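If you want the building blocks of each chain, they are given just below.
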Amino acid sequence: SLEAERLLLIRNLTEFARQKQSFTTAIGAFSTIKYFIDWIDTQENKYSLTKTSSAKQAYRDYTKYLLHRINTSGIRAQALKQTSAASRQTAARTVVALATGLHEREVLALTTYITERVELRHVNLKQPSSDVQARTFSALVNFIEDAHRLLVDGSELPLRLASPGN
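Residues numbered from 1 in each chain as written. Predicted model: local features only at pLDDT ≥ 70, side-chain atom pairs only at ≥ 80, totals over all residues. Heavy atoms only, no water.

## Let's talk about the confidence of the model for the protein
- On average, residues of the protein score 81 in pLDDT, and 84% of them are at 70 or above.
- Predicted confidence in the protein is weakest over helix α1 (residues 7-18), with a mean pLDDT of 76, and strongest over helix α3 (residues 52-71), with 90. (pLDDT = per-residue confidence, 0-100. Helix = DSSP H or I, 4+ residues; strand = E, 2+ residues; numbered from the N terminus.)

## A look at the pattern of salt bridges
- On inspection of all chains with the given rule, the structure shows 3 salt bridges.
- Note that Lys34 is salt-bridged to Asp38, the shortest N-O span being 2.7 Å. Taken together, the residues span about one helical turn, with Lys34 and Asp38 both in helix α2 (residues 23-42) at a distance of 4 residues.
- Lys34 sits in the partly exposed class, given a relative accessible area of 38%.
- For Asp38, a relative accessible area of 33% corresponds to the partly exposed category.
- Across the pair Arg93 and Glu104 runs a salt bridge, and its minimum N-O distance is 3.8 Å. (Salt bridge = Lys/Arg side-chain N within 4 Å of Asp/Glu carboxyl O. Buried < 20%, exposed > 50% of the residue type's maximum accessible area, 1.4 Å probe, protein only.)

## Notes on a nonpolar patch on the surface
- A cluster of nonpolar side chains, Phe137, Leu140, Phe143, Ile144, Leu157, Leu159 and Leu161, forms an exposed patch at the surface whose accessible area comes to about 720 Å².
- Within the secondary structure layout, Leu157 lies in the segment after α6 (130-151). (Patch = residues over 30% accessible without salt bridge, like charges linked within 9 Å, V, L, I, M, F, W, Y side chains within 5 Å. Areas by Shrake-Rupley, 256 points an atom, 1.4 Å probe, with all protein chains shown as cover.)

## Comments concerning the packing of aromatic side chains
- For the coordinates displayed, the defined rule picks out 6 aromatic pairs.
- Measuring from ring centre to ring centre gives 6.0 Å for Trp39 and Tyr65, while their planes differ by 35°; the resulting arrangement is tilted. Of this pair, Trp39 sits in helix α2 while Tyr65 sits in helix α3, placing them 26 residues apart in sequence.
- With a relative accessible area of 8%, Trp39 lands in the buried category.
- Look at Tyr65 and you get partly exposed, because its relative accessible area is 29%.
- Taken together, the ring pairs in this structure connect Phe36, Trp39, Tyr47, Tyr62 and Tyr65 into an aromatic cluster.
- Sitting over the face of the ring of Tyr35, Arg88 holds its NZ or CZ atom 3.5 Å from the ring centroid. (Phe/Tyr/Trp six-rings, centres within 6.5 Å; stacked < 30°, edge-to-face > 60°. Lys NZ or Arg CZ within 6 Å of the ring centre and 35° of its normal.)

Okay, here's the thing in structure tokens:
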């Protein structure tokens, strides 16, 4: 949507498009950028791209949304391929950088980086279920408590490591 506060961003995006090698490349960049702008416009939480903190939060939340779309089932759930998500995240990063004056590397450091190539060994974007996360956290807490018992309280070996559900 065209809002008065976005005029500087639109000017910067126009300049960004002019720097592209061809008209087709500029149109492709615009169509990818449009996904982020459309997503912002449909959110209940109104993000302001002119405020740095709000723009950063929009980028973080958009990345969460993209990760969710990657991890959803493809049957009527609008799954998104990782390569598409990566290009949309890059476009969102460009918008935030142009809107706030931040360097793209500063924006990149805000959240998980979605790689374009699936075969690269990078951060596993498939997040474990909340049940697996809860059991892992519980096992970690049990370990810390037992290590505390051994090291601080001076108790005897062995460590009594227990995994939840055992």
